[in-house]
Amino acid sequence: MTVATNNRVIEFRDALREAMSEEMRNDKRVFLLGEEVAQYNGAYKVSKGMLDEFGPKRVIDTPISESGFSGMAIGAAMRGLRPIVEFMSWSFSLVAADPILNNAAKMLYMSGGQFGCPIVFRGNDGAGGQLASTHSWCVESMYANVPGLKMAIPYDAYDAKGLLKSAIQDDNPVFFLESERLLSTTCHVPEEEYTIPFGKALIRRQGTDCTIIGFGRPLHFCLEAAEELAREGISCEVIDGRTIRPLDIDTMAASVTKTSACVVVDQSWPFASVGSEIASQLHAICFEALDNHVHRVHSDDVPTPYAYNLEQAYLPNKRKICEAVRSATYNA
Amino acid sequence: MPKLSDTMESGTILHWHVDVGDDVSAGDVLADIETDKATMELQSFDDGTVDQIIVGVGDQVRVGTTIALLVDEDEVDEQEVQVIDAPPNVEEAEVETADEPPVASPPPPVSEESSSRGLRVSPVARRLAEEHGVDLQTIQGSGPSGRIIKRDILQLVGATVETTAAAHTTVHGSETKVVAQTTSQPSIQPLAPVSPWQENRTEPLSNMRQIIAQRLVESKQTIPHYQVTMSFDLDPLLEMRTTLNEQLATTGVKLSVNDFLVRCCALAMARHPEFNASFGGDCILYHGPVNIGIAIALPAERGGGLVVGSIRNADQKSLRTISQESAYLSTKARESGLSVDEMADTTFTISNLGMFGVEHFTAIINPPNSAILAVGAAVEKPVVRQGELAVGHEMSATLSLDHRVIDGAMAALYLKALKELIENPASLLV
């Protein structure tokens, strides 16, 4: 599958596997565990072939018991290993809230620096498509509220590899939020090893009239919206935040200072969210530069609907983003 | 606010002729409105009762703004009432802080607080306005609820010269500081000022001041002006004026020197029709009627400024008619303002500062005229008459001319004709 050229294009899931495999080859402390990651090659084929390469001691199938295997992995991390925990969906992490939030995120603090927790929790976040209310969680706003953890949301395969390698190498617990809807997307990913540092946002499109800030899958709609708005004469700068903790507010603020208008797109619910946090920080930092309050686009403030049309209307989409930008720039 | 002339964009209410509760019929005069050109009467379009007067005297509003509400007599229904926002009153906001005595600690910048009170302004628009010295009170915001947004400031700054206003803000700021310093040391008793302390202040341009600024800059910048001056022996004219005024005293006629000059200029124009002309770009327009404009200064309480009243067909009119029309125009201009018609179609203008003792000055041509006569005072001085030194009255007058229409020799010939008429005034009577 992989071809040794400079222009190699691979899928997002391949990039994730490549990051994990490279790190496991480089560091014997790194191992992967989760439901169906080994013999079934991963529920979404992210870990395809890894059992064959690394064997059952480092690619471990677990029972359906997130609380149990998360807690076990945290213990391993405290004792010096560097586990990667795959949640089939971040929706299932809720049953492991106590170990991942109360233990992993707080361990370094509570142990007075004796125990760190170098662990990566990764899996699908957000609406996968008609998975209904309980299996469509966007956990970023809820979990980002907790101090002591890091959080990354890659948008494309290139970032998936670079950010996941940084996550595995990090000495802190990292919540790594992927999207089922992005796993098959492709882009150029170098064969050689590289990392992308946390806290460095990426300007995915340059513009002058309005800054659009997003993470992960909604960035696709942000870029679509920017394209449509450009035809209306509204020039949008699209910023991929890449990591929520740490948050590259400096890049965002610099852009907003230039454009005077901002729309934050966050697929989690609006109340006490990543979007409201960014808006609040921008209001504080760029107040003098703003021509309007920072606008926000979220999933609607209801449980995720099952019906296809309702789910589409509920999620952040091109229409909502366009409307928000027009409003923020007084072009409504 | 109805559009009372083609170029009218806003109007100022000078006087309301009606009060709330008054019944009015179509055609009744509701108010006097100052437009960019003149003061006009606003007549009621309908019968009804005045329910509300929304725009007060002295307030300038854009065309289309609701200035008052008229209701049918049978529908004294409150629900019919539609309140429409009038622009914020600039003067009120400024007066409030202008009179405050300086205090010992440095006062907050006066202009900022008073100018932005009650306004909706986006933060970046406020910052840009400050940077460019834009007075937020003068802007109609285009954002929701009239919020002033970035675009409004940028459009304004792009369209106007920004340096003047910015310079003013700086001056104002330093002024505030100085006041605070002198008063913060009570031990030093400063000498009483010779004249009352005058605060720096800014007044928005009246419609008239705007028009004067625009038209005279245009005139001075586009018309190649030059001046020709001549002195006139005014004794014969003054003597005849005295005689006529004495003999006509019972009829109420009182001829002014200016009335004679209007007739002189008009007759000289009739002799030199090339003066009765305008530059037309690729042609010269020769006018039939000789309409002499007289510059009329307006009293300060009416906002000052000046207008030019039009005495039509002045070459066809007797001194007495000219005098009556001139007096009528001056009085009306000062008291209630001239109509557009009373100012239109002049072909030559006379500006006379003689009554103030000015001996000589030059005037700026009043477009589309090609000439204006600046008239000085008749001064008693030693003169030479028939080789003898004598005491006589001499008057100096200076023509400003549009060289595109009138050359120097033509101007000289015109002044020669004018001199013949002024110095031989009997011809003015017949």
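Rules and cut-offs
Residues numbered from 1 in each chain as written. Chains lettered and ligands numbered in written order. Predicted model: local features only at pLDDT ≥ 70, side-chain atom pairs only at ≥ 80, totals over all residues. Helix = DSSP H or I, 4+ residues; strand = E, 2+ residues; numbered from the N terminus. Buried ≥ 20, exposed ≤ 12 C-beta atoms within 10 Å, placed from the backbone. Contact = placed C-beta atoms within 7 Å. Pairing = 2+ DSSP bridges. Axes fitted to C-alpha atoms, helices over the stretch in contact; angles between N-to-C directions. Parallel < 35°, antiparallel > 145°, perpendicular 65-115°, else oblique. Nonpolar A, V, L, I, M, F, W, Y, C, P; charged D, E, K, R; others polar. pLDDT = per-residue confidence, 0-100. Expected span 1.5 Å × (residues − 1). Left-handed = near helix turned anticlockwise from the far one by under 90°.

A. Quick peek at the overall build of chain B. Looking only at helices and strands, one finds 11 helices and 15 strands in chain B. Residues classed as buried in chain B amount to 26% of the 430 residues present. Sequence-distant contacts in chain B: of pairs separated by 6 or more residues, those separated by 24 or more amount to 62%.

B. Here's a closer look at the overall build of chain A. Within chain A, the secondary structure is distributed over 12 helices and 14 strands. For chain A, the share of sequence-separated contacts (at least 6 apart) that also reach a separation of at least 24 residues comes to 77%.

C. Highlighting the pairing of strand S13 (residues 348-352) of chain B. Residues and elements named next belong to chain B. By the criterion of burial, S13 is predominantly enclosed, with 5 of the 5 residues buried. Pairing analysis gives 3 bridges linking strand S11 (residues 292-297) to S13, with the strands arranged parallel. Bridge pairing links isoleucine 292 to phenylalanine 348 in S13. The pairing of S13 with strand S14 (residues 371-385) spans 4 bridges and is classified as parallel. Bridge pairing links serine 351 to alanine 374 in S14.

D. Structural view of the packing of helix H3 (residues 66-78) of chain A against helix H4 (residues 97-104) of chain A. All names here are of chain A. The interhelical angle for the contact between H3 and H4, taken along N-to-C directions, is 25°, at an axis separation of 8 Å. Put simply, H3 runs roughly parallel to H4. Residue-level contacts link Ser67, Ser70, Gly71 and Ile74 of H3 to Asp98, Pro99, Ile100, Asn103 and Ala104 of H4. When its residues are assigned to classes, the contact of H3 with H4 shows 4 nonpolar, 4 polar and 1 charged.

E. Representation of the sheet that holds strand S10 (residues 210-214) of chain A in the model. All names here are of chain A. Taken in spatial order, the 5 strands make up an open sheet running S9-S11-S10-S13-S14, and their pairing is mixed. In this open sheet, the two edge strands, each paired with only one partner strand, are strand S9 (202-205) and strand S14 (295-297). On average, each strand axis in the sheet is inclined to that of its neighbour by 25°, with strand direction left out of account. By the bridge criterion, 5 bridges tie S10 to strand S11 (residues 236-240) in an arrangement that is parallel. The residue of S11 that forms the bridge with cysteine 210 is cysteine 236. Contacts from helix H9 (residues 249-259) reach S10, S11 and strand S13 (262-265), with the element oriented near 155° to S10. Sheet contacts for helix H10 (residues 274-285): S10, S13 and S14; angle to S13, the most-contacted strand, approximately 155°.

F. Broad picture of the sheet that holds strand S4 (residues 39-43) of chain B. All names here are of chain B. Overall, antiparallel pairing links the 4 strands, which are arranged S4-S3-S1-S6 in an open sheet. In this open sheet, the two strands that pair with only one neighbour each are S4 and strand S6 (60-62). Sheet twist, expressed as the mean angle between neighbouring strand axes with direction ignored, is 40°. Two elements, strand S1 (residues 10-16) and S6, share 3 bridges in a ladder whose sense is antiparallel. For glycine 11, the partnering residue across the bridge sits in S6 and is valine 61.

G. Inspection of the confidence of the model for chain B at higher detail. All names here are of chain B. In the predicted model, chain B carries a mean pLDDT of 81, and the fraction of residues at 70 or more is 80%. Per-residue pLDDT stays below 50 along residues 161-186; that stretch engages in 27 contacts with residues further than four places along the chain or on separate chains. Across the interfaces of the predicted complex, the ipTM metric reaches 0.79, alongside a pTM of 0.53.

H. Molecular detail of helix H1 (residues 12-26) of chain A. All names here are of chain A. With 15 residues, H1 extends 21 Å between its outermost C-alpha atoms, agreeing within 8% with the 21 Å of an ideal straight helix rising 1.5 Å per residue. Where burial is concerned, most of H1 is hidden: 11 out of the 15 residues are buried. Of the residues making up H1, those classed as buried are Phe12, Arg13, Asp14, Ala15, Leu16, Arg17, Glu18, Ala19, Met20, Glu23 and Met24. Along its buried surface, H1 packs onto strand S1 (9-11), strand S2 (30-34), helix H2 (50-54), strand S4 (82-89), helix H7 (157-169) and strand S7 (174-178).

I. Examining the pairing of strand S15 (residues 388-402) of chain B more closely. All names here are of chain B. Here strand S8 (residues 225-233) runs beside S15; their pairing, made up of 9 bridges, is antiparallel. When the sheet's bridge partners are listed, phenylalanine 232 is paired in S15 with methionine 395. Where S14 meets S15, 13 bridges bridge the pair, whose relative direction is antiparallel. Looking across to S15, one finds that proline 382 is bridged to valine 391. Following S14, the chain reverses through 2 residues before pairing antiparallel with S15; glutamine 386 in that reversal takes a positive phi of roughly 50°.

J. Region of interest: the packing of H9 of chain A against H10 of chain A. Residue and element names in this part refer to chain A. In contact at an axis separation of 10 Å, H9 and H10 are set at 60° when each is read in the N-to-C sense. One finds that H9 runs oblique with respect to H10. Viewed along their axes, H9 and H10 form a crossing whose handedness is right-handed. Every residue of H10 that contacts H9 at Ile249, Met252, Ala253 and Val256 is listed here: Ile278, Gln281, Leu282 and Ile285. Looking at side-chain class alone, the contact of H9 with H10 contains 7 nonpolar, 1 polar and no charged residues.

K. Fine view of unusual backbone geometry. At the junction of arginine 245 of chain A and proline 246 of chain A, the peptide bond is cis and its omega measures out at 0° in the coordinates. Here proline 367 of chain B and proline 368 of chain B are connected by a cis peptide whose omega angle stands at 5°. You can see proline 368 of chain B is positioned in the loop between S13 and S14. In the Ramachandran plot, glutamine 130 of chain A falls in the positive-phi region, its phi being about 55° despite a non-glycine side chain. Mapped onto the elements of the fold, glutamine 130 of chain A is located in the loop between strand S5 (120-124) and helix H6 (140-144). In this structure glutamine 130 of chain A comes out as partly exposed when scored by C-beta crowding, with 14 C-beta atoms within 10 Å. Phi is positive for asparagine 313 of chain B, close to 45°, though the residue is something other than glycine. Relative to the helices and strands, asparagine 313 of chain B is located in the loop between strand S12 (306-311) and helix H9 (319-335). The partly exposed category is assigned to asparagine 313 of chain B, around which 13 C-beta atoms lie within 10 Å.

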